[in-house]
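Structure assessment
Here is what each chain is made of, one letter per residue.
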Amino acid sequence: MKIEVIELRHIRMRLRAPFETSFGVELDRDCLILRVDSEGMTGWGECAAGSTPGYSYETTETAWHVLSEFFIPTILGRQVEEIEDYHRRLGAYKGHNLARAGLEMALWDLLAKVQGKSLAAILGGVVERVPVGVSIGIQQDHDVLVEVVSQYIEAGYRRVKIKIKPGRDVVEVESVRKSFPDLPLQVDANSAYTLEDVAVFKSLDDKQLLLIEQPLAEDDLIDHSRLQAHLQTPICLDESIISARHARQALEIDACRIVNIKSGRVGGLLEGLAVHDLCYEAGVPVWCGGMLETGIGRAANLALASLPGFTLPGDISASDRYYSEDIAEPRFTLNADSTIDVPTGAGLGVEVVSDALERVTLRREVYKL
Ligand code: OSB
Ligand code: MG
């Protein structure tokens, strides 16, 4: 397939409710949408870099720069027959995983459509629907939090993750636990703590949490290993795992016992598969993380989460948990058993709605030969 045209868009979508984490509050979600055209076919991708370097050092602006100056020129006009070709061509460039993964997703969609197969089928998915939960941001106080949790349980979510940060942790978990003694519950600190906070995690250790996500700094596997030694609850790494190599090293030193896989963070679905395979062989549970994706990225997450190692519910909620209007159809809905159907159509299995995409576009550029 000769890559003929690539379109890059910076979009901004209003979240139905503000999303607060230890690194800040988001009212809108910014990201980049990529379109790749080849031989009459079109592939779509989503780059999860946001408006601030809060979750990752990448932002929509750095991703735009790296894509437009380096990644796009490297593949425009070139032949891409398999995803490995893309990664070989980009081999000289370091980092910028979110940017790298966004363009890769568009190529997966294109290549899968050419084969007339769903992305899930191509990746090796084994289930038709995947268990999902909901990720709840930091709320005004613990009473509001308990109310928000109960609304999501009411809506059908059977696994809840709450965001924590220093000073907003033990009381929050205790309040939710008290109201919902048997709820599958987990917490995500987004790297807001240090090893000096071990007492906080010891207080959380008897709360029957499924896992504690990314308590310490993203570049600190060693202290995660030290913290894990104090805890019964499994540590799960998100930000720290930027490649299969990091996953291997984290497991080797017992820095975590569960891995969150996000294709963006590891530089694409191909590397996400590698992380999955490594964990699967090691008997380490994985689950699919989320980045408040539009219908495009959500479709890719569902395909990835259909692999056999994804034994824990993903942060892949229904479209209406995030946005009143999405840029792709159909919208994803929650089944009664807290699962979402894996798309079965060719490629990502979703259709982009042009006028909806146009309405949320802040900047657009087309690259062609
Ligand atoms: O740390 O998992 C995270 C959203 C944006 C950036 C980082 C994270 C998240 C979430 C939301 O937790 C998951 C989702 O529902 O998409
Ligand atoms: Mg996380």
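Residues numbered from 1 in each chain as written. Chains lettered and ligands numbered in written order. Predicted model: local features only at pLDDT ≥ 70, side-chain atom pairs only at ≥ 80, totals over all residues. Heavy atoms only, no water.

A few points about the domain arrangement of the protein chain
- Assigned domains of the protein chain: these are domain 1 (5-116 + 353-364) and domain 2 (121-341).
- Its C-alpha centre places domain 1 at a distance of 23 Å from the equivalent point of domain 2.
- With 36 residues of domain 1 in contact, the opposing surface of domain 2 contributes 42 residues.
- Between domain 1 and domain 2, the buried area comes to about 3,200 Å², and carbon and sulfur atoms account for 65% of it.
- Counting the surface domain 1 buries against domain 2, the share from its top three residues, Arg 16, Phe 19 and Tyr 55, is 22%. (Domains from an automatic or database assignment. Contact = heavy atoms within 4.5 Å. Buried area = accessible area lost by both parts, 1.4 Å probe.)

Quick word on the sheet that holds strand 7 (residues 185-188)
- Judged by pairing direction, the sheet is parallel, and its 7 strands sit side by side in the order 5-6-7-8-9-10-11 without closing on themselves. Of all strands in the sheet, those with a lone pairing partner are strand 5 (134-136) and strand 11 (286-288), marking the two edges. For this sheet, the mean angle separating the axes of adjacent strands, direction not counted, is 25°.
- When strand 5 meets strand 6 (residues 160-163), the two strands line up parallel, connected through 3 bridges. Within strand 6, the position partnered with Ser 135 by the bridge is Lys 161.
- Strand contacts of helix 6 (residues 170-179): strand 6, strand 7 and strand 8 (209-213), with the helix running at about 165° to strand 7, the strand carrying the most contacts.
- Across the sheet, helix 10 (residues 269-282) is in contact with strand 10 (258-261) and strand 11; its angle to strand 10 comes to roughly 165°. (Pairing = 2+ DSSP bridges. Helix = DSSP H or I, 4+ residues; strand = E, 2+ residues; numbered from the N terminus. Axes fitted to C-alpha atoms, helices over the stretch in contact; angles between N-to-C directions.)

Thoughts on the coordination of the magnesium ion (ligand 2)
- Coordination of the magnesium ion (ligand 2) by the protein involves Asp 188 (OD), Glu 213 (OE) and Asp 238 (OD), with metal-donor separations of 2.1 to 2.3 Å.
- Here Asp 188 falls in the buried class, since its relative accessible area comes to 1%. (Donors = N, O, S within 2.8 Å, 3.2 Å for Na, K, Ca; no water. Buried < 20%, exposed > 50% of the residue type's maximum accessible area, 1.4 Å probe, protein only.)

Let's talk about the site of ligand 1
- Surrounding ligand 1, one finds 15 residues, the nearest of these being Ser 135, Lys 163, Asn 190, Leu 292 and Tyr 322.
- Here an oxygen atom of ligand 1 sits 2.9 Å away from a polar atom, N or O, in the side chain of Ser 135.
- Measuring from an oxygen atom of ligand 1, one finds a backbone N or O atom of Met 291 at 3.3 Å.
- Surface burial for ligand 1 is 98%, taken as the share of its 390 Å² of free accessible area covered by protein chains.
- Split by residue class, the shell around ligand 1 holds 5 nonpolar, 3 polar and 7 charged. (Near = heavy atom within 4 Å. Polar contact = N/O pair within 3.5 Å; in protein donor to acceptor, adjacent residues only side chain to side chain. Areas by Shrake-Rupley, 256 points an atom, 1.4 Å probe, with all protein chains shown as cover. Nonpolar A, V, L, I, M, F, W, Y, C, P; charged D, E, K, R; others polar.)

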